[in-house]
Amino acid sequence: MTINEIVRPTSIGEAQRILQTKHNSAVLGGGAFMRLGSKHIDTAIDLQDAGLRYIIDNPAEDCIEIGAMTTFRDLETNELLMNHFGGLIPQSVANIVGVQLRNILTVGGTIIGRYGFSELITGLLVLDCFVVMHDAAPIALVDFLKAKVPQHLLFEKLIIKKEPLQTGYQMMRMTSGALPMLSVAVALPEAGVRIAVGARPGLAQRAELTERAFTDVLPDALLHKLNNLHCSEQDNVGLQAAKELTFGDDTKCSAAYRKEICATLVNRAIQMAGEVQE
Amino acid sequence: MMQLFRINGQEISLACEPQTYLVDLLRQNGFKSVKRACETSSCGICTVLLDGRPILSCTLLATMAVGHDITTVEGMRSEIEDLTQFLSAEGAEQCGFCSPGLALTVLAMKKELQTPTTHNVKHYLSGNLCRCSGYVGQLRAIYRYMGVEA
């Protein structure tokens, strides 16, 4: 990567103006993944002085807001996040490489980068999560991930609606800190189940067909089915999710291996969510 | 381009290009305790402290560190010597190449974690790789240093 200049705007408005007016400009985020590329950037925008590093409770809107420059270590150690959504967000980032890298990685970097291996995106996908680009209306994360990244707008924050949820997070990696071979997040609302699977190795996805098949099932009934030794294929949520989603090969493991562990990890995540409930 | 850095408590004006990484800036200016190793943000050997928090100096652009307190082993001699006593007592060190990064991470951990468990310590240090010691001796020493019952 080569850079002509690095600027540090002191507000998001100023940052967005630079992004829109300066030729070949780009936002740095933490800068961690960018360094592996060979891109040339004329103006790199460092957002650390733009007031975007925060995790705040917004009781009026019944939501939590997370700024673009919040680091993964901030997410991991934040009490508000530990006490909401079953601690899903801290859990999803806690095993990413080491504390040193988590002190650099930012929420914005992973949301805009849309990395397939992003465990944060896996976790956020089962929450009622919205992406806010500066000067634009919030858009549901699931829709944001399907659309093209708006190049002229700057990512400002995430909004996560509070709701009573039991959650479970599971992943498989070769060694502690390695990138995951598969990541799974599950949320149990009052009825039904939400399932997100990441590192397929493509971008995390919801298992929408499987979720629809279990829409009205209460958590207890779901767990009862899974804990039954003679659980049928139809009742086996993990198996259904593994059948529905697509997987690919990469240097870490094969598509077949991912499909195999997906079923187990989804079921374990559901059981984990159920245990918390009890 | 000259930029003002705060390294080990001292303001120093250093020549720094926009794409210079912190590890290179520090080594080029005599802070040789900072080692470069994996180049993939994985090993923790290049760890320095930024405002007291451990970060990978191979991953952070030096310009992003302007306005922050950068600390290397050279700036924490007495604290490092204290920790070294514990490591030596357990015969934990071998080649020593990973020691500066490990030592700074341990010092940051001691400040950050109030009453850590062995699990907390291992989790905090999982980003520091050592290719010759096997970790057992190091962990024994660090548990003692941290006052953690193993």
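Everything below is about the structure printed above this text.
The model shown is predicted, which means the values in this text are computed figures rather than measured ones.

Quick look at the overall build of chain A
Part 1 of the argument: Counting its regular elements, chain A contains 12 helices and 12 strands.
Part 2 of the argument: The principal-axis extents of the C-alpha atoms in chain A amount to approximately 65 × 45 × 30 Å.
Part 3 of the argument: Sorting the 278 residues of chain A into buried and exposed places 57% on the buried side.
Part 4 of the argument: Nonlocal contacts in chain A, meaning residues at least 24 apart in sequence, comprise 61% of its contacts between residues at least 6 apart.
Part 5 of the argument: Of the roughly 11800 Å² of accessible surface on chain A, a fraction of 52% belongs to carbon and sulfur atoms.
Part 6 of the argument: Looking at chain A, you have 25 positive and 31 negative side-chain charges, and the mean spots of the two groups are 6 Å apart.

Some words on the packing of aromatic side chains
How two aromatic rings sit relative to each other is given by the distance of their centres and the angle of their planes.
Part 1 of the argument: Across all of its chains, the model carries 2 aromatic pairs over all chains by this definition.
Part 2 of the argument: Taken together, a centroid distance of 5.2 Å and an interplanar angle of 0 degrees make the contact between A:Tyr115 and A:Phe117 stacked.
Part 3 of the argument: A:Phe117 gets classed as partly exposed once you look at its relative accessible area, which sits at 26%.
Part 4 of the argument: With a centroid separation of 5.4 Å and an interplanar angle of 75 degrees, the aromatic rings of B:Phe86 and B:Tyr145 are classed as edge-to-face. With B:Phe86 in helix H2 (residues 77–89) and B:Tyr145 in helix H5 (residues 136–146), this residue pair connects regions lying 59 residues apart in the sequence.
Part 5 of the argument: Of the residues examined, B:Tyr145 reaches a relative accessible area of 8% and is grouped as buried.
Part 6 of the argument: Positioned over the ring face of A:Phe144 is A:Arg114, at 4.7 Å from the centre of the ring.

Some details on the interface of chain A and chain B
Put simply, an interface is often sized by how much accessible area is lost when its parts join up.
Part 1 of the argument: Taken together, the 32 residues of chain A in the interface contact 30 residues of chain B.
Part 2 of the argument: Both faces considered, chain A and chain B share a buried interface measuring about 2300 Å² in area, 52% of it formed by carbon and sulfur atoms.
Part 3 of the argument: Counting every contact that joins chain A to chain B gives 2 salt bridges.
Part 4 of the argument: Between A:Arg73 and B:Glu112 there is a salt bridge, and its shortest N-O distance comes to 2.6 Å.
Part 5 of the argument: Inspection of the chain A/chain B interface yields 15 residue pairs in polar contact (both at pLDDT 80 or more).
Part 6 of the argument: Within the residue set of the side of chain A that touches chain B, elements represented by two or more residues are strand E1 (2–7), helix H2 (72–77) and helix H5 (99–102) of chain A.

Concerning helix H1 (residues 12–21) of chain A
Part 1 of the argument: Three or more residues of H1(A) are buried, namely A:Ile12, A:Gly13, A:Ala15, A:Gln16, A:Ile18 and A:Leu19.
Part 2 of the argument: Buried-residue contacts for H1(A) involve E1, strand E2 (25–27), strand E3 (40–45) and strand E8 (155–161) of chain A.

A look at the pairing of E8(A)
Residue and element names in this part refer to chain A.
Part 1 of the argument: When you tally the buried positions in E8, you get 6 out of 7 residues, the bulk of the element.
Part 2 of the argument: As paired strands, strand E5 (residues 63–67) and E8 are joined by 5 bridges and run antiparallel to one another. Looking across to E8, one finds that Glu65 is bridged to Ile159.
Part 3 of the argument: As paired elements, strand E6 (residues 129–133) and E8 share 5 bridges and run antiparallel to each other. Following the sheet pairing, Val132 is matched in E8 by Lys157.

A short note on the side chain of A:Ser183
Residues and elements named next belong to chain A.
Part 1 of the argument: Within the element layout of this structure, Ser183 appears in strand E10 (residues 180–188).
Part 2 of the argument: Among the polar contacts made by the side chain of Ser183, one reaches the side chain of Thr122 at a distance of 2.9 Å.
Part 3 of the argument: Once you skip the residues sitting within four places of it in the chain, Ser183 turns out to touch Glu119, Thr122, Tyr169, Gln170, Met171, Ala196, Val197, Gly198 and Ala199.

Scoring rules and cut-offs
- Residues numbered from 1 in each chain as written.
- Chains lettered and ligands numbered in written order.
- Predicted model: local features only at pLDDT ≥ 70, side-chain atom pairs only at ≥ 80, totals over all residues.
- Heavy atoms only, no water.
- Helix = DSSP H or I, 4+ residues; strand = E, 2+ residues; numbered from the N terminus.
- Buried < 20%, exposed > 50% of the residue type's maximum accessible area, 1.4 Å probe, protein only.
- Contact = heavy atoms within 4.5 Å.
- Areas by Shrake-Rupley, 256 points an atom, 1.4 Å probe, with all protein chains shown as cover.
- Lys, Arg positive; Asp, Glu negative; His and termini not counted.
- Charge placed at Lys NZ, Arg CZ, Asp CG, Glu CD.
- Phe/Tyr/Trp six-rings, centres within 6.5 Å; stacked < 30°, edge-to-face > 60°.
- Lys NZ or Arg CZ within 6 Å of the ring centre and 35° of its normal.
- Buried area = accessible area lost by both parts, 1.4 Å probe.
- Salt bridge = Lys/Arg side-chain N within 4 Å of Asp/Glu carboxyl O.
- Polar contact = N/O pair within 3.5 Å; in protein donor to acceptor, adjacent residues only side chain to side chain.
- Pairing = 2+ DSSP bridges.

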